[in-house]
Amino acid sequence: MSAESRSFEHVKLEGRNVGATMVARRGGCPGESLGCCCINIYISNNIQGVNNSILVGSKVKMGDPGVCFSMKDVKFDRGFRQGKKRDKKIKGFDIARYLWGYNISMRDAASLDLVDWLQKRPEWSIMGGKDHFLVAGRITWDFRRLSDSNSDWGNKLLFLPAAKNMSMLVVESSPWNANDFGIPYPTYFHPAKDAEVFSWQDRMRKLERKWLFCFAGAPRPGNSKSIRGQIINQCKESKVCKLLECGQTAESKCHSPGSIMQMFQSSLFCLQPQGDSYTRRSAFDAMLAGCIPVFFHPASAYTQYTWHLPKNYSAFSVLISENDVRKKNVSIEERLNQISPEKVKEMREVVISMIPRLIYADPRSKLETLKDAFDVAVAAVTSRVTKLRRDIIEGRKDDNFIEELSWKYALLDEGQREIGPHEWDPFFEIPKDGSAESDSSSAEAAKNSWKNEQGQNT
């Protein structure tokens, strides 16, 4: 960055995944002034691609490594501070590089710079940031450090007042906070046109599925609340369960997409217990394979991906309470065998019909009639901003809103505002210390998120 002009051309977000390049030119939108950029999108690291369906006057191309966000001729004002170590250069908006081995000042620096710059943009002043959204390819706990202790995990981006106004799109959201929303994990399938999706769906319908259920994952011996050990034992003892044990050994096939998808495609049900956090990418790989997911906690899917999944969860999945497995030693095989073949067929068809909404299309093209996960998310954000704008204009404010019960509001039908007791209340009880975590594992889960990146299905 030039100290005189305070402008830049590229912010490079380095990462392990194949990323995307997005170019946004100032003044590219009809009716916009030259001092205004067309879009208000901010990208964290680990994004698979950027869909070009809303980038008017801009372009997208796949690239490697990471994400390169190019803003032609867009100038930063003096809001971007120059740290001594950064030496007049923007290091990027990413988080992953500073999560391990850095103090909180270094971990928070990019977040503080970002919100400082955003608040000085003319676009921000229109709605105070409530019409902005930020996309992050990580779980929310990476951005919700609970204290200013160096030993605590992550940064504090989502606790900053300005960030609370934005909508945060993450692969795992918090049940107790209102401004972050779950979006599907990227899978291995990125179609370029509708025909590829239809062909895939037809293939999933015709597959022979010889296993009643399957599980791909590793035990969590250090987590007393994990039921993975019981699941692995039940699968080993069953003649109708396929097990793919994960580990760091060379023999492990968990890092082989082909092995994982082949197992999911040959199974009726795919078990999806919590991993290091509530969610798993494996759930989306399973549904892509036409395999009916079996969840053990509603935060693994139902309260997370309300934009993308049907609210009638029993139409496409099975919920078996963790406590039933942990304390009552419920047989998963027996529970699944109680579902009739006709019902299984209906559920599988619902899963297969959901596939377009759960995948990210190839960003170098655009699906003709189908809406992919990106389209669904953008439509939902647009609807949310429209409602917020209408409420501001009409002076309407919901004084009865309880943020710590955010997960309940996400389940309400259109037009509903009132919440009450729910069958899932025991799953989301907040501890007496008010830390907004149902157990102490959330912070530890975030620390282990790097392991998830190395072995997505573990």
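The structure presented is a predicted model; accordingly, all values stated were derived computationally and were not measured.

Caption draft 1: Structural view of unusual backbone geometry. The phi dihedral of Asn-329 falls on the positive side, at around 50°, and the residue is not glycine. Position of Asn-329 among the secondary structure elements: in the loop between α8 (322–326) and α9 (332–337). On the accessibility criterion, Asn-329 (56% relative accessible area) is exposed.

Caption draft 2: Inspection of the nonpolar core at higher detail. Core analysis: the biggest nonpolar cluster contains 45 residues, and Phe-269 and Phe-296 have the highest contact counts within it. Listing elements by their share of this core, those giving two or more residues are β9 (211–217), α5 (228–237), β10 (241–245), β11 (267–272), α7 (282–288), β12 (292–295), α9 and α10 (341–358). When residues in this core are grouped by element, the largest group, five residues, is from α10. Every residue in contact with Phe-296, bar those within four places of it in the chain, is listed here: Ile-227, Ile-231, Leu-271, Gln-272, Pro-273, Leu-319, Ile-320, Ser-321, Glu-322, Val-325, Ile-332 and Phe-427.

Caption draft 3: View of the pattern of salt bridges. Under the definition given, this model contains 20 salt bridges. Residues Lys-387 and Asp-391 are paired through a salt bridge, measuring 3.0 Å at the closest nitrogen-oxygen approach. One end of the pair, Lys-387, and the other, Asp-391, are both in helix α11 (residues 373–393), four residues apart, so they sit about a helical turn from each other. With a relative accessible area of 37%, Lys-387 lands in the partly exposed category.

Caption draft 4: The state of the cysteines, seen in detail. Evaluation of the coordinates by the stated rule reveals two disulfides. Between Cys-235 and Cys-241 runs a disulfide, and the two sulfur atoms are separated by 1.8 Å. Across the S-S bond of Cys-235 and Cys-241 the torsion is about -90°, and the bridge reads as left-handed. Given a relative accessible area of 2%, Cys-235 falls into the buried group. A residue is classified by how much of its surface remains accessible, and Cys-241, at 7% relative accessible area, is buried. Paired by a disulfide, Cys-270 and Cys-291 hold their sulfur atoms 2.1 Å apart. Between Cys-270 and Cys-291, the disulfide has an S-S torsion of 110° and is therefore right-handed. Taken together, the residues Cys-270 in strand β11 and Cys-291 in the loop between α7 and β12 connect sequence positions 21 residues apart.

Cut-offs used in this document
- Residues numbered from 1 in each chain as written.
- Predicted model: local features only at pLDDT ≥ 70, side-chain atom pairs only at ≥ 80, totals over all residues.
- Heavy atoms only, no water.
- Helix = DSSP H or I, 4+ residues; strand = E, 2+ residues; numbered from the N terminus.
- Buried < 20%, exposed > 50% of the residue type's maximum accessible area, 1.4 Å probe, protein only.
- Core = buried A, V, L, I, M, F, W, Y, C linked by side-chain atoms within 4.5 Å.
- Contact = heavy atoms within 4.5 Å.
- Salt bridge = Lys/Arg side-chain N within 4 Å of Asp/Glu carboxyl O.
- Disulfide = S-S within 2.5 Å.

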